[in-house]
Amino acid sequence: MASYDVIIVGSGPSGAAAALALSRRQSKRVLVLDEGQVEENHFNFPSLTSALDARTMTSVSALLGPKFEAIDQLEGEAWLHPKLTAAAARHVLRGRPFSVLNSRGVEIFKSNCSHALGGMSNAWGGQLLRYTNRDVQNIDWPFEQNIFSSAYDALERHIGISGVVDDASDLSGGGEIASKPLDMVPSAALLLDRYSRRAARFCPSPIYLGRARLAVNGGGSLLSVDAHSLGETEFLETNQPGLYTAQKTITQLVSERKISYRAGSSVIDWKENEDSVAVRYLDSRSGEKCEIVGKNLFLACGAMQSAALVAVSLKKDSITVPFVDHSPVLLPLWILGALPIVPDKSYPIQLIGGLRAQRDFFSIYYPGGMFWSSLMRDLPCSYRFGARTISNILRRLLVAQIWCPSAAGCSSSLKIDKHGGMIIREHEARIAPPLARHVYEFAKLGAITVPALSKMTPTGWGFHHAGTLPSRPHPGELETHLDGRLWNSRRVRVIDASVFPVLPAKNHSLTMMANAYRIASELQL
């Protein structure tokens, strides 16, 4: 007899969204099985500046870790995302390891998936954007956009979104705004003011530019929402007050006794029966192998780990599946005329935008909260000279992260062996998107840059992974139905970004959550 109506594997954004939807259906028994790793090292300072000014062993430990773990970002981890180098964020990437090989078979990046409570939302930027018809035109997108509308609404009310209605509202997909946007740093405020003046004279403007829609200080329906300190701690810790992460939803639902949560559970495989699914997992506390039975199983482990679990459960020696990713190009911007001020209170993401004639998307962030060593690595000068000049550079520096739809890039595949080992292989050399138009439009706003200073991040770097078990109206082997069911299953559904066969340029987090919420809401129990 099934112990639960639904068993969800994974507590990241998709798992949390599905749990939320199921909790709103009366008398449904829901269990979240999760490794559930949490932060071990804590950054116990209100801001980056206060830790730097303290100059004590306690502050050094908070910045670099009790064993100075973060020092290795200077060498050996040059491509690790800067939000994941801090000692307090190391728990986020303790899942299955993976490597990325380029088209010549050379390893260019390696990392781990997440086993953390809240998954990769522990390191996200908090951008929650709706997809529009413009985003999915002329790409292999299997879903009708209107099927996400009610899920978008429900999630935005639950989370709370800060922002404003401006020129970028159409680009971000609109939606409900719960609170005013965060304060900007002087350089971003100047850039937006110049854009507004220019857009008033030239309508329509060749670019969109406006405030980001963030899951920060949004004041949703969570039990308690504390104000974010804006103390530039995003690169130093996870789960800050005022910033929404999936962990907050899971914690709320457990405290309200609407779901059950079992941490320390490493899922081994599952077996589907006529009226139930038996899930085997390893209890990390006792070291024992256990089994739990549910009527339905939802996989929300992330694109790679969900595919690996499918391969192991179906007893395949190895599988090769598509791998979709759109790691951004990073373009530094020097804002002429910006006030020579280095703010000590800011949030990384400042502005969003895109070229009106293209379907690209860019977010502009202020890098002041990063370790300066991470910034100096990319400066065209020696470390010694960079150390002397970095504070002057930061006063006027912003960085544009530019994304293009994944369909416009090269294809990659993910190979998973019978033990769950994972290797991503690029099938052809990646080519950076043309940036001349971006450079030209930024220059009109007094933001100076050159394409030679741009940096193309490697496949997998941004952790916008998708497409390993793509949804199709008529799925074949290792594909999924539009309701998330595996091609050969009645009771096992995939609810994370594995099901997206392509990614539009915009951040997919909210749409991934909306799809999980939709599947959970429509499940026949």
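As a starting point, this report considers the structure included with it. Worth saying up front: this structure is predicted, and the values here are computed from it rather than measured. (Residues numbered from 1 in each chain as written. Predicted model: local features only at pLDDT ≥ 70, side-chain atom pairs only at ≥ 80, totals over all residues. Heavy atoms only, no water.)

**Thoughts on the sheet that holds strand β3 (residues 97-101)**
In any sheet, the strands associate via hydrogen bonds between backbone groups, in a parallel or an antiparallel arrangement.
Here comes step 1: In space, the six strands of this open sheet follow the order β4-β3-β16-β15-β10-β19, with mixed pairing throughout. Every interior strand has two partners, whereas the edge strands, β4 (107-112) and β19 (465-466), have only one.
Here comes step 2: Along the sheet, helix α9 (residues 303-313) contacts β3, β10 (318-325), β15 (412-417), β16 (422-426) and β19; its crossing angle with β15, the most-contacted strand, is approximately 45 degrees. (Pairing = 2+ DSSP bridges. Helix = DSSP H or I, 4+ residues; strand = E, 2+ residues; numbered from the N terminus. Contact = heavy atoms within 4.5 Å. Axes fitted to C-alpha atoms, helices over the stretch in contact; angles between N-to-C directions.)

**Structural notes on the pairing of β15**
Here comes step 1: Here six bridges tie β10 to β15, and the two strands are oriented antiparallel to one another. Its bridge partner being in β15, I319 is matched across the sheet by I416.
Here comes step 2: Sheet topology note: the β15/β16 ladder contains five bridges and is antiparallel. Along β16, the bridge assignment pairs S413 with R425.

**Topic: the packing of helix α5 (residues 149-159) against helix α13 (residues 509-522)**
Here comes step 1: Axis separation between α5 and α13 bottoms out at 9 Å; the angle between their running directions is 110 degrees. Taken as axis vectors, α5 and α13 run roughly perpendicular relative to one another. Seen along the crossing, α5 lies across α13 with a hand that is right-handed. Here A151, Y152, A154, L155, E156 and I159 of α5 lie close against α13, whose contacting residues are L510, T511, M513, A514, Y517 and R518.
Here comes step 2: Looking at the contact of α5 with α13, its residues break down into nine nonpolar, one polar and two charged. (Parallel < 35°, antiparallel > 145°, perpendicular 65-115°, else oblique. Left-handed = near helix turned anticlockwise from the far one by under 90°. Nonpolar A, V, L, I, M, F, W, Y, C, P; charged D, E, K, R; others polar.)

**A short note on the environment of S179**
Here comes step 1: Among the secondary structure elements, S179 is positioned in the loop between α6 (169-172) and α7 (186-201).
Here comes step 2: Setting aside chain neighbours within four positions, we find S179 in contact with I161, S162, G163, V216, N217 and G218.
Here comes step 3: For S179, the side chain forms a polar contact with the main-chain oxygen of N217, separated by 2.6 Å. (Polar contact = N/O pair within 3.5 Å; in protein donor to acceptor, adjacent residues only side chain to side chain.)

**Here's the deal with α7**
Here comes step 1: Helix length check: α7 (16 residues) gives 23 Å between terminal C-alpha atoms against 22 Å at 1.5 Å per residue, within 8%.
Here comes step 2: Regarding α7, the residues found buried are S187, A188, L191, L192, Y195, R198 and A199. End-on view of α7: buried residues confined to an arc of 130 degrees, all on one side of the axis. Opposite its buried face, α7 presents the exposed residues R197, A200 and R201, each directed more than 90 degrees away. (Expected span 1.5 Å × (residues − 1). Buried < 20%, exposed > 50% of the residue type's maximum accessible area, 1.4 Å probe, protein only. Arc of directions from axis to C-beta.)

**What about the environment of K289?**
Here comes step 1: Residue placement: K289 occurs in strand β9 (residues 289-299).
Here comes step 2: For K289 and N102, which are 187 residues apart along the polypeptide, the C-alpha to C-alpha distance reads 38 Å.

**Structural notes on the pattern of salt bridges**
Here comes step 1: Going through the model one piece at a time under the given rule, you end up with 19 salt bridges.
Here comes step 2: Among the ionic pairs, D153 bridges to R130, the shortest N-O distance being 2.6 Å. Of this pair, D153 sits in helix α5 while R130 sits in the loop between β4 and α4 (133-136), placing them 23 residues apart in sequence.
Here comes step 3: According to the relative accessible area criterion, R130 is buried, its value standing at 11%. (Salt bridge = Lys/Arg side-chain N within 4 Å of Asp/Glu carboxyl O.)

**With respect to the packing of helix α1 (residues 13-23) against helix α8 (residues 246-255)**
Here comes step 1: One can describe the packing of α1 onto α8 by two numbers: an axis separation of 8 Å at closest approach and a directional angle of 30 degrees. Note on packing geometry: the crossing formed by α1 with α8 is left-handed. Contact with α1, carried on its side by P13, A16, A19, L20 and S23, involves A246, T249, I250 and L253 of α8 and no other residues of that element.
Here comes step 2: For the contact of α1 with α8, the class distribution of residues is seven nonpolar, two polar and no charged.

**Quick word on the nonpolar core**
Here comes step 1: I8, W270 and F298 are the most contacted members of the largest nonpolar core, which has 114 residues in total.
Here comes step 2: Looking at this core element by element, the count peaks at eight residues for α13.
Here comes step 3: With residues up to four places along the chain from it excluded, the contact list for I8 reads G15, A18, A19, L22, V30, L31, V32, L33, F298 and A300.
Here comes step 4: Counting 30 residues, the second largest nonpolar core, distinct from the first, contains L192, V329, L397 and A447. (Core = buried A, V, L, I, M, F, W, Y, C linked by side-chain atoms within 4.5 Å.)

**So, α5**
Here comes step 1: Taken residue by residue, α5 has A151, Y152, A154, L155, E156, H158 and I159 as its buried positions.
Here comes step 2: Against α1, α8 and α13 lie the buried residues of α5.
Here comes step 3: Following α5 by one or two positions, G160 adopts a phi angle in the positive range, close to 85 degrees.

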